[in-house]
Protein chains: 2
Amino acid sequence: MNNPIGVFDSGVGGLTVAREIMRQLPNENLVYFGDTARVPYGSKSKSTVLKYSRQIVRFLRTKNVKAIVVACNTASALALDEIAAELDIPIIGVVKPGAKMAVETTNTGNVGVIGTVSTVKSGIYNDYIRELNADITVVSKACPLFCPLVEEGLLEDRVTDDIAARYLQVMKEYKVDTLVLGCTHYPLIRNTIKRFMGDDVVLVNPAFETAKSLKELLTQRNLLNQEKQRPQHEYYVSDGVESFIAFADSVLPCHVTDTKVIDIESY
Amino acid sequence: MNNPIGVFDSGVGGLTVAREIMRQLPNENLVYFGDTARVPYGSKSKSTVLKYSRQIVRFLRTKNVKAIVVACNTASALALDEIAAELDIPIIGVVKPGAKMAVETTNTGNVGVIGTVSTVKSGIYNDYIRELNADITVVSKACPLFCPLVEEGLLEDRVTDDIAARYLQVMKEYKVDTLVLGCTHYPLIRNTIKRFMGDDVVLVNPAFETAKSLKELLTQRNLLNQEKQRPQHEYYVSDGVESFIAFADSVLPCHVTDTKVIDIESY
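Our subject in this report is the structure included herewith. (Residues numbered from 1 in each chain as written. Chains lettered and ligands numbered in written order. Predicted model: local features only at pLDDT ≥ 70, side-chain atom pairs only at ≥ 80, totals over all residues. Heavy atoms only, no water.)

1. Describing the relation of the copies chain B and chain A
Mapping one chain copy onto the other needs a rotation about an axis and a shift along that axis. Overlaying chain B on chain A yields an RMSD of 0.0 Å, the required transformation being a rotation through 180° with an accompanying axial translation of 0.0 Å. One copy is carried onto the other by what is essentially a two-fold rotation axis. Minimal C-alpha separation from the rotation axis in chain B is found for Arg38(B), amounting to 2.5 Å. (Least-squares fit on C-alpha atoms with pLDDT ≥ 70 in both.)

This is the structure we're talking about:
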């Protein structure tokens, strides 16, 4: 089935998930939407994130997507269950695959989760992890400055190290052996996080696990694209094409040209 | 005339402008709108900020406001002229009063302006300042991390000092004697900025100048409220009442109770 897969995020961060999908499912066509006008979602309420996510899903359906990936941790945390119940096509988020991997990885049973304020407040990683193994202790911490630091390009910087040390101190205190990077921006400061946490702590990147889950899902449902021509990807944003393309080119293996601005509020 | 004055901002920052209006016009009723669902505006394009501002003006008009204050520097920079041309009630922004004060303050003719990416890119402070005095040199610099640092509460912190030193170094190099705080969040880290710039540099807070301009405007047009009863203020946001109230209580001289969430996209 050569219909595209819809991938959406609050902005550019979800491109790290799109990248993993392109790697693991190189035959699939993608339609990516980044809500660059209303980014960030990480400080917004459930009702607002749910409303925005519904608008985006309505837009993606106009592109005849065969499945949807919620590439944003906050939207996965606050909106996925409601939207899945309203849809007749498969939809997956990044939280469940990330939680599953954390459970499979930990030896000590102490798992850390970092994310936006809204993701952490939702407690969803804790719920999923404890559902899989009730003996695991989950320590979660919101890191609201990480996204602006990444977007300002301070990936290797003493300020980012300083802030990381404050946010992550609690993870050392609880001796976590596994840390979930519960926001799509965080893998971009993976080195900073690793430097503070040390080599013995495994960093889980939900993007990788999500692409793996997506592949399993499409295989099970017989939805994989069997055509062998080069895939076509389309990109849509709600604002600011230039800065989107600049970021996309730094993240994706292919050059992004075809990016359109749409009026997402009208969906 | 006891109709209220409408004041709007991309979020909570405009409350520093509302506070100045309450001080200088203690008799006036205010209707404040903070677009907390779509904050920040500082990285958005002109067309998006204009669209959002028009929706907000339509909402404020349902409250029968007699005048509107655009308390957001970015919206003042990107949307004020277009909206003023569409309105039959007076509207003022924070940029013009701030620019005027900078021109009156500088002795050396070297003026600095700091603000969001969109405000600085618009070049509007430069335009207004040079319109008033073409001999003035304007140095402007976007400081995108200042807002997240303020919202994270790092008002007095080595990280904020470190970031301020990087952003403001250029202001020292150009020997500015006047620095416009061109974003409503920046007065909250005034001490940090002053520590780096030194006591000889005057920091201009457009909020104060805007309230002064508003008073002049209402006086000229005979729109001042002559009734002597205690003013009533109303607060509206597009998301997250609790965090709005917490911030408002830390900024305003009065306790904020009556805050409602509205669906701004429907205006």
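2. Examining the sheet that holds strand β9 (residues 233-237) of chain B
Residue and element names in this part refer to chain B. Within the open sheet, the six strands sit side by side as β4-β3-β1-β2-β9-β10. Their pairing is parallel. Each end of this open sheet is capped by a strand with a single partner; those strands are β4 (91-93) and β10 (259-261). Strand after strand, the sheet turns through a mean of 20° between neighbouring axes, direction not considered. Sheet topology note: the strand β3 (residues 67-70)/β4 ladder contains three bridges and is parallel. From the neighbouring strand, Ile68 faces β4, where its bridge partner is Ile91. (Pairing = 2+ DSSP bridges. Helix = DSSP H or I, 4+ residues; strand = E, 2+ residues; numbered from the N terminus. Axes fitted to C-alpha atoms, helices over the stretch in contact; angles between N-to-C directions.)

3. Looking at the pattern of salt bridges
Charged atoms that come close allow side chains of opposite charge to pair. Summed over all chains, the structure comprises 34 salt bridges over all chains. Salt-bridge contacts for Glu156(A) lead to Arg195(A); the nearest nitrogen and oxygen are separated by 2.9 Å. A residue pair is termed long-range when its members are at least 10 positions apart, and Glu156(A) in the loop between α7 (146-151) and α8 (158-173) and Arg195(A) in helix α9 (residues 190-197) qualify at 39 residues. For Glu156(A), a relative accessible area of 48% gives the class partly exposed. Here the residues in one salt-bridge network are Asp35(A), Arg38(A), Lys51(A), Asp263(B) and Glu265(B), joined through shared partners. (Salt bridge = Lys/Arg side-chain N within 4 Å of Asp/Glu carboxyl O. Buried < 20%, exposed > 50% of the residue type's maximum accessible area, 1.4 Å probe, protein only.)

4. Examining the sheet that holds strand β10 (residues 259-261) of chain A
Residue and element names in this part refer to chain A. Ordered by their spatial adjacency, six strands build an open sheet running β4-β3-β1-β2-β9-β10, and the pairing between neighbours is parallel. The two strands at the open ends of the sheet, each matched to only one other strand, are β4 (91-93) and β10. Within this sheet the neighbouring strands show an average axis-to-axis angle of 20°, counted without direction. Bridge count for strand β1 (residues 5-9) against strand β3 (residues 67-70) is four bridges, and the pairing is parallel. When the bridges of β3 are listed, Ile5 appears paired with Ala67. Helix α1 (residues 15-24) contacts β1, β2 (30-34), β3 and β9 (233-237) of the sheet and is inclined by roughly 170° relative to β2. Those strands touched by helix α3 (residues 73-86) are β1, β3 and β4, and its axis lies near 160° from that of β4. (Contact = heavy atoms within 4.5 Å.)

5. A word on the interface of chain B and chain A
Between chain B and chain A, the residue contacts involve 28 residues of the former and 28 residues of the latter. Buried area between chain B and chain A, summed over both chains or domains, comes out near 2100 Å², and the portion from carbon and sulfur atoms is 41%. Counting across the interface, chain B meets chain A through ten salt bridges. Ionic pairing is found between Asp263(B) and Lys51(A), a salt bridge with its closest N-O pair at 2.6 Å. There are 18 residue pairs in polar contact (both at pLDDT 80 or more) connecting chain B and chain A. Of all the secondary structure elements, the ones that give two or more residues to the side of chain B that touches chain A are α2 (46-61), α7 (146-151) and α8 (158-173) of chain B. (Buried area = accessible area lost by both parts, 1.4 Å probe. Polar contact = N/O pair within 3.5 Å; in protein donor to acceptor, adjacent residues only side chain to side chain.)

6. Describing the packing of helix α4 (residues 95-105) of chain B against helix α6 (residues 124-132) of chain B
Axis angle and axis distance: for two packed helices, these are the angle between their axes and the distance between the axes, and together they describe the pair. All names here are of chain B. The N-to-C vectors of α4 and α6 enclose an angle of 50°; their axes lie 9 Å apart at closest approach. With respect to each other, α4 and α6 are oriented oblique. The two elements α4 and α6 cross, and the hand of that crossing is right-handed. Touching Val95, Lys96, Gly98, Ala99, Lys100, Ala102 and Val103 of α4 are Ile124, Tyr125, Tyr128, Ile129 and Leu132, all from α6. The residue makeup of the contact of α4 with α6, split by class, is nine nonpolar, one polar and two charged. (Parallel < 35°, antiparallel > 145°, perpendicular 65-115°, else oblique. Left-handed = near helix turned anticlockwise from the far one by under 90°. Nonpolar A, V, L, I, M, F, W, Y, C, P; charged D, E, K, R; others polar.)

7. Quick notes on the environment of Ser250(A)
Residue and element names in this part refer to chain A. Positionally, Ser250 belongs in helix α11 (residues 241-251). Judged by its relative accessible area of 58%, Ser250 is exposed. Among the polar contacts made by the side chain of Ser250, one reaches the main-chain carbonyl oxygen of Phe247 at a distance of 2.7 Å.

8. Quick word on the pairing of strand β1 (residues 5-9) of chain B
Residue and element names in this part refer to chain B. β1 sits mainly inside the fold: five of its five residues count as buried. Here β1 shows no split at all, with Ile5, Val7 and Asp9 on one side and Gly6 and Phe8 on the other all buried. Judged from the five bridges that link them, β1 and strand β2 (residues 30-34) form a sheet pairing that is parallel. Within β2, the residue paired with Asp9 across the bridge is Gly34. This β-α-β element, β1 to helix α1 (residues 15-24) to β2, shows right-handed connectivity. (Right-handed = clockwise from strand over helix to strand, strands pointing away.)

9. Observations regarding the state of the cysteines
All names here are of chain A. Using the criterion set out here, one finds zero disulfides over all chains in the structure. Cys143 forms no disulfide, and the closest cysteine sulfur to it belongs to Cys183, at a distance of 9.0 Å. Cysteine Cys147 remains unbridged, with the sulfur of Cys183 as its closest cysteine sulfur at 3.6 Å. Residue Cys147 is classed as buried on the basis of its relative accessible area of 19%. (Disulfide = S-S within 2.5 Å.)

10. Let's talk about the nonpolar core
Counting residues in hydrophobic clusters, the biggest one holds 52 residues, and the most contacted among them are Ile193(A) and Ile193(B). The set of elements that each furnish at least two residues to this core consists of α7, α8, β7 (178-182) and α9 of chain A together with α7, α8, β7 (178-182) and α9 (190-197) of chain B. In contact with Ile193(A), not counting residues within four places along its chain, are Ile114(A), Phe146(A), Leu168(A), Leu179(A), Leu181(A), Tyr186(A) and Leu203(A). (Core = buried A, V, L, I, M, F, W, Y, C linked by side-chain atoms within 4.5 Å.)

11. Let's talk about the environment of Val176(B)
Residue and element names in this part refer to chain B. Within the fold, Val176 resides in the loop between α8 and β7. Taking C-alpha positions, Val176 is 39 Å from Asp239, a pair spaced 63 residues apart along the chain. Val176 has contacts with Asn110, Val111, Gly112, Val139, Met171, Met197 and Val201, leaving out every residue within four places of it along the chain.

12. Comments concerning unusual backbone geometry
Residues and elements named next belong to chain A. Of note, the amide linkage connecting Val39 to Pro40 takes the cis form, showing an omega dihedral of 0°. With respect to the secondary-structure elements, Pro40 resides in the loop between β2 and α2 (46-61). We note that Lys175 has phi near 50°; this positive angle belongs to a residue other than glycine. Relative to the assigned elements, Lys175 resides in the loop between α8 and β7.

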